[in-house]
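Fold and geometry: a report
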Amino acid sequence: DNPLSISVDSSTEVEGEISIKVYQLNHGDTVPLSTLFPVLSNMGFDVRNERHFEEQVGDHYYQMSEYRCVYQCVPMVALKSNREEIENTLVNILVNHAPNDRLNTLVSISNLTAEEVLVLRACCEYLHQIQFALTQVRIFNFFIAYPSFAVSFVRLFQVKFQPKIVKRDSLYKK
């Protein structure tokens, strides 16, 4: 039913390599490589190998692509616990439901969701609007270099602005 699906798998024969498989219902409007490569790069993946093939199932033709990638910065510690979020984020970016920028790397290297990354993106955009001395690129790079800080920042934001939290003061101390 869905014209685009993505699967992320770390069980490749090369240590540190992951496989990203893109399944597309071939309507003649498949995702071009020129669109996919920057998305994978902004998610923190460096594409090392690719292969493409087409299959017919019933009356439908599917284009399948496999990309063998390595991670650009640090080892991906969150792949097992965050695989579904990574897959959903990739699909949402490719169908233009989410922005495509370097902050998406945080979905891959931390346990942040795409919605939580939106909090960081909004904060960065606000800092840009008030003409904060650092550029958005530098702030993005800081969050990527220190993902634990990014996670702490989002958690603090949630504690401060979540209306359902009753014991807010005790959570501030954590």
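On a predicted model such as this, the values are computed, not experimentally measured, just so you know.

**Focus: the pairing of strand E2 (residues 17–25)**
Within E2, seven of the nine residues are buried, leaving the element largely enclosed by the surrounding structure. Direction of pairing for strand E1 (residues 4–9) relative to E2: antiparallel, over a ladder of six bridges. Across the sheet, residue Asp9 finds its bridge partner in E2, namely Ser19. Judged from the nine bridges that link them, E2 and strand E4 (residues 60–71) form a sheet pairing that is antiparallel. The partner of Leu25 across the bridge, within E4, is Tyr62.

**Focus: the packing of helix H1 (residues 33–42) against helix H2 (residues 79–94)**
Running from N to C, H1 and H2 cross one another at 140°; their axes reach a closest spacing of 11 Å. Judged by the angle between their axes, H1 and H2 are oblique. Here H1 runs over H2; the crossing is right-handed. Residue-level inspection shows Thr35, Leu36, Val39 and Leu40 of H1 in contact with H2, the latter providing Leu90, Ile93 and Leu94. Partitioning the contact of H1 with H2 into residue classes produces six nonpolar, one polar and no charged.

**Describing the pattern of salt bridges**
One pass over the full model with this rule turns up six salt bridges. The salt bridge involving Arg68 is made with Glu17; its shortest N-O contact spans 3.1 Å. With a gap of 51 residues between them, Arg68 in strand E4 and Glu17 in strand E2 connect regions that are remote in the sequence. In terms of burial, Arg68 and Glu17 fall into one category: buried.

**Looking at the packing of helix H4 (residues 114–129) against helix H5 (residues 136–145)**
At their nearest, the axes of H4 and H5 sit 10 Å apart, and the two run at 150° to each other. In terms of axis orientation, H4 runs roughly antiparallel to H5. As for how H4 packs across H5, the hand of that crossing is right-handed. Between H4, through Leu120, Cys124, Glu125, Leu127 and His128, and H5, the contact on the second element is made entirely by Gln136, Ile139, Phe140 and Phe143. In the contact of H4 with H5, the residues fall into six nonpolar, two polar and one charged.

**Notes on the sheet that holds E1**
Spatially, E1-E2-E4-E3 is the arrangement adopted by the four strands of the open sheet, whose pairing is antiparallel. The open sheet has two free edges, formed respectively by E1 and strand E3 (45–57), since each of these has just one partner strand. Recorded for the sheet is a direction-independent mean angle of 15° between the axes of neighbouring strands. Where E3 and E4 come together, twelve bridges link them in antiparallel fashion. Residue pairing across strands places Arg51 opposite Glu66, the latter belonging to E4. H1 rests against E2, E3 and E4 of the sheet, and its axis sits at about 135° to E3. Contacts from H2 reach E1, E2 and E3, with the element oriented near 150° to E1.

Reading the values: rules and limits
Counting restarts for each chain: residues are numbered from 1 in the order of the written sequence. Local features are withheld for residues below a pLDDT of 70 in this predicted model, meaning they are given only at 70 or higher, and side-chain atom pairs are given and counted only at 80 or more; totals for whole chains, interfaces and linings count all residues. Note: side-chain values were computed over all heavy atoms of the structure, leaving out hydrogens and water. Summary of the burial criterion: residues with accessible area below 20% of their type's maximum are buried, those above 50% are exposed, and those between are partly exposed, where the area comes from a 1.4 Å probe applied to protein chains only. The helix count covers DSSP runs of H or I at least four residues long, the strand count covers runs of E at least two residues long, and both are numbered beginning at the N terminus. We treat two strands as partners when DSSP finds at least two bridges between them. Inter-axis angles, ranging from 0 to 180 degrees, are taken between N-to-C directions of lines fitted to C-alpha atoms, where helices are fitted over the stretch in contact. Here roughly perpendicular refers to angles of 65 to 115 degrees, roughly parallel to angles under 35, roughly antiparallel to angles over 145, and oblique to all remaining angles. Handedness of each helix crossing follows the sense of rotation of the near helix against the far helix: counterclockwise by less than a right angle gives left-handed, clockwise gives right-handed. Throughout, a contact is declared for two residues whenever any of their heavy atoms are within 4.5 Å. Three classes are used: nonpolar for Ala, Val, Leu, Ile, Met, Phe, Trp, Tyr, Cys and Pro, charged for Asp, Glu, Lys and Arg, and polar for all others, with Gly counted as polar. The term salt bridge refers to a pairing of a side-chain nitrogen on Lys or Arg with a carboxyl oxygen on Asp or Glu at a separation within 4 Å.

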